[in-house]
Amino acid sequence: MAASGRRDRLLLYGCAAIVVVVVLAPLARAGYALRSDMVFVPRQPLRWDLLAPADTLPRAVPQDALVSLSALVAPGWLVQRVVLAALLAAAAIGAGRLVPARHGWTRVVAAIGYAWTPYLAERLLIGQWGLLLCYAAMPWLIRAARDVRLGRPRAGARVVLAAACAAVTPTGGLIALVTTVVLARPAGSSPLGPAGPHRRGWGLAVTVVALNAPWLLVAVSSRASTVSDPGATSAFAARSENWGGVPAALAGTGGIWNAAAVPGSRSGPLVPLITAGLLVVAGCGFGTLRRRWAEGTATRLAWLAGGSLLLSAAGALPGASGAVRAAVDLIPGAGLLRDGQKFLIPYAICLVLCVALGAERIADRVPGVGGRLVLAGFALLPVLALPDLAWGVGGRLRPVEYPAEWATVAAVVRADPGPVVSLPMSAYRAYSWNPGAVVYDPAGRYLPAPVVADDRLRVGETVIGGESGAAAAIRGRLEEGRSVADGRVRWVLVQRGSGGSVPAAALGGLTLVHSGPGLALYRNPGYAAPGGFSVWGLMGYPLAGSVVVVAGWRRFARSRSMRRRQGWARSRL
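Structural notes, computed from the coordinates. What you are looking at is a predicted structure, and each value in this text was computed from that prediction instead of being measured.

## Comments concerning the pairing of strand S10 (residues 511-515)
Next, step 1: Strand direction decides the pairing type here: S10 and strand S11 (residues 519-523), joined by four bridges, are antiparallel. Counted as the bridge partner of threonine 511 is arginine 523 from S11.
Next, step 2: Linking two consecutive strands that pair antiparallel, namely S10 and S11, is a turn of three residues.

Quick look at the structure:
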């Protein structure tokens, strides 16, 4: 039995390693994979405005802070590869360990099925690696939450650590919170009930709220508008990918709003049929999941998955889209709901678990080696249905090098730090040295000073309004034909050939200090240094950090101490 368990673990870990190599093979080359929101730089500075942005919403809090801290010990190219490899491996191993399987190959079906989904491919192409950390943490969070219900030791600490990985972005933090509330709470429990297991789930929920404190406190203290452009609801609604329409796209864990982030294989005519077949197999597997998780976790996970699927479709449904639009327009923070497809994570893991167990049921009915062949076929099905996830999502995740003048400009700004305006006004840029991709303006993470860039987003013919008052003021001065630099701007960076042009009047009164093939840097002689930053928004970091430290101590230090005591007791016998 022990030898069989070791073989199953080696099979699972080997499968995860193969997935990592096959997907990230292009990153064996030097450089940075820059695409959409995925921006890594040689050494991201630890700036106040990255820790607690005062003029923009905290969409990358605490993600930017963690990357900046990692830059103290490792270069950005290494951090990017470690993060991407870790999330792929964690997703595969977590799903394989979570499924209540009787065969090792069933775990492989779950591992490959979860690490090879359209959701993962599309979010990679849109560069949202922080959200994919939540995706990777979800199997571990579900397993730990179930152990809390079963009363297993140190399960609460594991819930907190998994939720901490998920809470790298606000969306991930919310998904982790809802998952904890739904799955870790014992049946019939009340937050006002007696101490014990019935209050443990609610205590964990409060702890996960504390993990979200960094972005919550930054949002409260921010000067940016907390309501979003309601036009974003239709722009970010789930999209059809083939003749199956939006329902088939979402049911197969796809349907992202950005057509440029959809792998080409998703438009194939067989994709809806494969999705329908997998749903049938999943229906067969759900009964097995419910029997093997007899305490009720399977039913709760199914409700959670159904809710995430409905929320993902809300922006595309005729009746629900109006409600989402009103919420985004009127309720502070409801802009998180405009991209509903990103909430598919609980549905994705539930679907994969049920498909794996359904495949196991089918395999059990096939005698001899045929059963293993059935499971092997189900393990390979995601790869055959989505072949372009391999090799960096069809070669679209390929490393490039920043031109040398970026380091030159950064050195000039570092010698005389002050706010930088990035022109032309555009949130995303296309560079000749990064062919075939647009990327969020890297100046905001490369330069050692706060950068004001356009925060509007163009989706087709729709322009989604931003929340930054500073960016709006820059646009106003451009429209009036005045210089973009007032007393609050130290530098103006012009990125040539990245899209758009800069009128000469916008650079009036400025001194050119660097002129290169792609970048021009101007100094503003009239700059007056602003006051200090408010520390209120930073208070969430020590709170969340202390929660993680305590959970880590309870999970690891206490378990080692217990093993030492057990070893000492055995030696006395």
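## Side note on the pattern of salt bridges
Between side chains of opposite charge, pairing is possible as soon as their charged atoms come close.
Next, step 1: Counted according to the given criterion, the structure contains 18 salt bridges.
Next, step 2: For glutamate 467, the salt bridge is made with arginine 59, and the minimal N-O distance between the two is 2.7 Å. In this pair, glutamate 467 sits in the loop between strand S8 (462-464) and helix H22 (469-479) while arginine 59 sits in the loop between helix H2 (48-51) and helix H3 (63-70), placing the two residues 408 residues apart along the sequence.
Next, step 3: Exposure remark for glutamate 467: the relative accessible area of 9% places this residue in the buried category.
Next, step 4: Of the charged contacts in the structure, one is a salt bridge between aspartate 147 and arginine 152, with a shortest N-O distance of 2.7 Å.
Next, step 5: Residues participating in the shared-partner salt-bridge network are Asp454, Asp455, Arg456 and Arg475.

## Some thoughts on the sheet that holds strand S6 (residues 451-452)
Next, step 1: On the basis of which strands lie adjacent, the open sheet formed by five strands has the order S6-S3-S9-S11-S10 and mixed pairing. With one partner strand each, in any of the chains shown, S6 and S10 form the two edges of the open sheet.

## A few points about the nonpolar core
Next, step 1: Ranked by internal contacts, the top residues of the largest apolar core, which has 143 residues, are Tyr114, Leu124, Tyr135, Ile345 and Leu389.
Next, step 2: Beyond its immediate sequence surroundings of up to four residues, isoleucine 345 is in contact with Tyr114, Tyr119, Leu131, Cys134, Tyr135, Met138 and Ile175.
Next, step 3: Grouped together as the second largest cluster of nonpolar side chains are 16 residues, Val452, Ile474, Leu507 and Leu510 included.

## What to know about unusual backbone geometry
Next, step 1: The step from valine 61 to proline 62 runs through a cis peptide bond, and the omega angle for that step is 0°.
Next, step 2: By the secondary structure assignment, proline 62 is in the loop between H2 and H3.
Next, step 3: Leucine 423 connects to proline 424 through a cis peptide bond whose omega is -5°.
Next, step 4: Locating proline 424 in the fold gives a position in the loop between strand S3 (420-423) and strand S4 (428-430).
Next, step 5: Even without a glycine there, the phi angle at serine 36 is positive, about 50°.
Next, step 6: Note on placement: serine 36 falls in the loop between strand S1 (32-33) and H2.
Next, step 7: What makes serine 36 buried here is its relative accessible area of 8%.
Next, step 8: With a phi angle near 60°, arginine 154 is a residue other than glycine that sits in the positive phi range.
Next, step 9: For arginine 154, the location among the structural elements is in the loop between helix H7 (129-150) and helix H8 (155-166).

## Points about the environment of methionine 539
Next, step 1: Summarising the element assignment, methionine 539 is placed in the loop between S11 and helix H23 (540-572).
Next, step 2: Residue classification places methionine 539 among the partly exposed residues on the basis of a relative accessible area of 42%.
Next, step 3: For the pair methionine 539 and valine 421, spaced 118 residues apart in sequence, the C-alpha separation works out to 28 Å.

## Focus on the packing of helix H14 (residues 271-292) against helix H17 (residues 345-364)
If you want to describe how two helices pack, look at the angle between their axes and the distance between the axes.
Next, step 1: Between H14 and H17, whose axes approach to 6 Å, the crossing angle comes to 90°. Accordingly, the angle class assigned to the pair H14 and H17 is roughly perpendicular. Counting all contacts with H14, which are made through Leu278, Leu279, Val281, Ala282, Cys284, Gly285, Phe286, Thr288, Leu289 and Arg292, the residues of H17 involved are Tyr347, Leu351, Cys354, Val355, Leu357, Gly358, Ala359, Glu360, Arg361 and Ile362.
Next, step 2: Tallied by class, the residues present in the contact of H14 with H17 amount to 14 nonpolar, three polar and three charged.

## A few points about a positive patch on the surface
Next, step 1: Together, Arg6, Arg7, Arg9, Arg97 and Arg372 make up a positively charged patch on the protein surface.
Next, step 2: By residue number, the principal contributor to the positive patch is helix H1 (residues 2-24), which donates three residues.
Next, step 3: Among the structural elements, arginine 7 can be located in helix H1.
Next, step 4: Classification of arginine 7 by relative accessible area gives exposed; the value is 55%.

## Thoughts on the packing of aromatic side chains
Next, step 1: For the coordinates displayed, the defined rule picks out 12 aromatic pairs.
Next, step 2: Between tyrosine 119 and tyrosine 135, the ring centres sit 5.4 Å apart and the planes meet at 10°, which makes this aromatic pair stacked. A residue pair is termed long-range when its members are at least 10 positions apart, and tyrosine 119 in helix H6 (residues 118-125) and tyrosine 135 in helix H7 qualify at 16 residues.
Next, step 3: Residue classification places tyrosine 119 among the buried positions, given a relative accessible area of 0%.
Next, step 4: Residue classification places tyrosine 135 among the buried positions, given a relative accessible area of 1%.
Next, step 5: An angle of 50° between the planes, with centres 5.4 Å apart, marks the rings of tyrosine 402 and tryptophan 433 as tilted. Taken as a pair, tyrosine 402 in the loop between strand S2 (399-400) and helix H20 (404-415) and tryptophan 433 in the loop between S4 and strand S5 (438-440) lie far apart in primary sequence, 31 residues in all.
Next, step 6: We classify tyrosine 402 as buried; its relative accessible area is 10%.

Conventions and cut-offs
- Residues numbered from 1 in each chain as written.
- Predicted model: local features only at pLDDT ≥ 70, side-chain atom pairs only at ≥ 80, totals over all residues.
- Heavy atoms only, no water.
- Pairing = 2+ DSSP bridges.
- Helix = DSSP H or I, 4+ residues; strand = E, 2+ residues; numbered from the N terminus.
- Salt bridge = Lys/Arg side-chain N within 4 Å of Asp/Glu carboxyl O.
- Buried < 20%, exposed > 50% of the residue type's maximum accessible area, 1.4 Å probe, protein only.
- Core = buried A, V, L, I, M, F, W, Y, C linked by side-chain atoms within 4.5 Å.
- Contact = heavy atoms within 4.5 Å.
- Axes fitted to C-alpha atoms, helices over the stretch in contact; angles between N-to-C directions.
- Parallel < 35°, antiparallel > 145°, perpendicular 65-115°, else oblique.
- Nonpolar A, V, L, I, M, F, W, Y, C, P; charged D, E, K, R; others polar.
- Patch = residues over 30% accessible without salt bridge, like charges linked within 9 Å, V, L, I, M, F, W, Y side chains within 5 Å.
- Areas by Shrake-Rupley, 256 points an atom, 1.4 Å probe, with all protein chains shown as cover.
- Lys, Arg positive; Asp, Glu negative; His and termini not counted.
- Charge placed at Lys NZ, Arg CZ, Asp CG, Glu CD.
- Phe/Tyr/Trp six-rings, centres within 6.5 Å; stacked < 30°, edge-to-face > 60°.

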